[in-house]
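# Secondary and tertiary structure notes
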Amino acid sequence: MRTSAPENISQTESRIANSRPVLAKDMRKVALASAMGNTIEYYDFTLYATATALVFNKIFFPNDNPLIGTLAAFATFFVGYCARPIGGIVFGHFGDRIGRKTALLLTMIIMGAGTFLIGLVPSYDTIGIWAPISLLLLRLAQGIGIGGEYGGGMVMTVEHAPPEQRGFYSSLVHVGVPAGFLIPIALLGILSTQMSEAAFLSWGWRLPFLFSIVLVALGLFIRFQISETPAFKRIQEQGETATLPVVEAVRDHRYNVILGIGAKIAESGLFNIYAVFAITYCVNSLGLPRQLILNGVLVGCALECLTLPLFGALSDRIGRRAVYITGLVFQVALAAVFFAMLDSGNTTSIWLAIALGLAVGHGSVFGAQGAFFSELFPARIRYSGLSLVQQIGPILGGGLSPLLATTLMAEYPGNTTPIAVYMALMAIFSATCAFALRSARSDN
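Residues numbered from 1 in each chain as written. Predicted model: local features only at pLDDT ≥ 70, side-chain atom pairs only at ≥ 80, totals over all residues. Heavy atoms only, no water.

## Focus: the overall build of the chain
Convention followed: Each helix is a run of H or I in the DSSP string that is no shorter than four residues. Each strand is a run of E no shorter than two, and both are numbered from the N terminus. Accessible area is worked out with a 1.4 Å probe on protein chains only. A residue is then buried under 20% of its type maximum, exposed over 50%, and partly exposed in between. By definition, residues are in contact when any of their heavy atoms lie within 4.5 Å. Residue burial considers only the protein chains on display, and all accessible areas are found by Shrake-Rupley using a 1.4 Å probe.
Scanning the chain from N- to C-terminus turns up 20 helices and zero strands. Buried residues in the chain amount to 61% of all 444 residues. Long-range pairs, those at least 24 residues apart, make up 86% of the contacts in the chain between residues at least 6 apart in sequence. Of the roughly 16100 Å² of accessible surface on the chain, a fraction of 68% belongs to carbon and sulfur atoms.

The structure is reproduced here in structure tokens:
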């Protein structure tokens, strides 16, 4: 298989990209800026996810049945995913019309403000129904911010990178996701172990949310240093910017959009099983110490930071699709033993299960995904097309998976087989969609 240019990039774009010298130090700077932005955005988003499993079900959705409170909390988690396509459409439009850089600065401000304000929301006991309502509205702001963030950061990197290294550099952007998970989980873990339960539920959990303002300031500073992409500059100079990029993406590339969404579902859905639902399951159903499972997620995220670039580089050599589908097939097999490893109660077994899910299963799929999906769309509508795929897919995947898994746990107490079947079916469905993208790319 050739490696001089990815197989689904037009010959014209490849020749232009190859004629543009890219200094290694400049490329590293672009990748770092995008990865840092992704880290900050997922710090905000993950902080909410982790707090949902540990805190929000108690202070914002009090109920005599802890499982009911958890379901209500995960429902607001899902709402954030529903807001992501709005952000993707809005900022994808402006990113394809006025530039990637401007849109990225705005997404970071919106996301950061939403997270900071969540740290100030009073509890249900203080303001009653306005507590969950306020949480819901701020969750919507978070979703809109991250909905516009991902597409811009990935397009910024892919359009700067040499074609033969797009897999590797795009995977560096994705390192921001496990890194963004690692930091808030570590902070909440430290606080929850060093404080009493009452103090942690009262005010300790708020500190990481308030600290996010510092990360946002750092992210904005870094992004101001990055120039607009050569591809977008060229489109502007030639007067070829799309008038309605979202409409053009749906009209002219609808099969790529539909199949890309399907291929995305398992990646986001299974990630949240490993990193979010597993926390709830181990703490509430198995009665295991909270810190044990948090440490397991930390180990898995840290390892994935190392494996992502490896899988990204591998996709440059053997193809995006091959790496992507292989990772999904691996997760079908893992689903059969994942809960048995958790049920063992053995620390090593639990950590290994999560590490295999995050560092190998998710890492292989996510490592190839950035370049794979970006190359499905031409530069004039790339921000919008990529955002549609990346933000609608997680609604059906990552947004629903903790909620559906918790529902299955309530419906079939003591039986994790239905959850394992759900995990395997997600992976099979997404693998089928990823394979079908082969024939859907003829419109490029």
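## So, a nonpolar patch on the surface
Put simply, the rule reads: The residues that make up patches have over 30% relative accessible area and no salt bridge, and they are joined within 9 Å when like-charged or within 5 Å when they are Val, Leu, Ile, Met, Phe, Trp or Tyr. For this analysis, a salt bridge means a side-chain nitrogen from Lys or Arg found within 4 Å of a carboxyl oxygen belonging to Asp or Glu.
Taken together, the side chains of Tyr124, Ile127, Ile129, Trp130, Ile133 and Leu137 present a nonpolar region at the surface, about 580 Å² in accessible area. Contributing elements (two or more residues each) for the nonpolar patch: helix 5 (124-127) and helix 6 (130-160). Sort the elements by how many residues they give to the nonpolar patch and helix 6 lands first, with three residues. Tracing the backbone through its elements, the reader meets Ile127 in helix 5.

## Things to note about the pattern of salt bridges
When the charged atoms of two side chains with opposite charge come close together, those side chains can pair. One pass over the full model with this rule turns up eight salt bridges. Arg320 is the partner of Asp316 in a salt bridge, and the nearest nitrogen-oxygen pair spans 2.6 Å. Judged by relative accessible area, Arg320 falls into the buried class, the value being 7%. Of the charged contacts in the structure, one is a salt bridge between Arg320 and Glu375, with a shortest N-O distance of 2.9 Å.

## A look at the environment of Val276
Mapped onto the fold, Val276 is located in helix 13 (residues 254-285). Under the relative-accessibility criterion, Val276 is labelled buried at 2%. A sequence separation of 95 residues divides Val276 from Phe181, and the C-alpha atoms of the two residues are 9.9 Å apart.

## Details of the nonpolar core
The condition that has to hold: Joining through side-chain atoms within 4.5 Å is the link that ties buried Ala, Val, Leu, Ile, Met, Phe, Trp, Tyr and Cys residues into a set, and such a set is a nonpolar core.
Counting 111 residues, the largest nonpolar core has Phe56, Phe60, Trp205, Phe338, Leu342, Phe373 and Met423 as the members making the most contacts within it. For this core, the leading source of residues is helix 13, giving 17 residues. Phe91, Ala161, Tyr169 and Ile222 belong to the second largest nonpolar core, which has 13 residues in total.

## Considering the packing of aromatic side chains
Threshold: Two rings from Phe, Tyr or Trp (for Trp, the six-membered ring) form a pair when their centres are within 6.5 Å of each other. A pair whose planes differ by under 30 degrees is stacked, one over 60 is edge-to-face, and the rest are tilted. Only when the NZ of Lys or the CZ of Arg is both within 6 Å of the ring centre and within 35 degrees of the ring normal is a charge said to sit over the ring.
Going through the model one piece at a time under the given rule, you end up with 11 aromatic pairs. With a centroid separation of 6.3 Å and 75° between ring planes, the pair formed by Phe277 and Phe339 is classed as edge-to-face. On the criterion of sequence distance, the pair formed by Phe277 in helix 13 and Phe339 in helix 16 (residues 338-343) is long-range, its members being 62 residues apart. Take Phe339: its relative accessible area is 2%, and that puts it in the buried class. Aromatic rings pair up to connect Tyr274, Phe277, Tyr281, Phe338 and Phe339 into one cluster. Lying across the ring of Tyr150, Lys264 places its NZ or CZ 5.9 Å from the centre.

## Details of the confidence of the model for the chain
Keep this limit in mind: Scored from 0 to 100, pLDDT records how confident the predictor is in each individual residue.
Averaged over all residues, the pLDDT of the chain is 84; the fraction at 70 or higher stands at 89%. The element-level mean pLDDT for the chain is lowest in helix 1 (residues 11-18), coming to 46, with helix 15 (residues 320-335) highest at 97. Overall, residues 1-21 carries pLDDT values under 50, and its contacts beyond four positions in sequence, including any with other chains, amount to 38 contacts. Ignoring residues within four places in sequence, the model shows residues 439-444, a span with pLDDT below 50, making 18 contacts including any to other chains.

## Some details on the side chain of Glu159
Test applied: A 3.5 Å cut-off defines polar contacts: any pair of N or O atoms within that distance qualifies, except that in protein one atom must be a possible hydrogen donor and the other a possible acceptor, and neighbouring residues in sequence count only when both atoms are side-chain atoms.
Along the polypeptide, Glu159 turns up in helix 6. Polar side-chain contacts of Glu159 include one of 3.1 Å to the side chain of Arg382.

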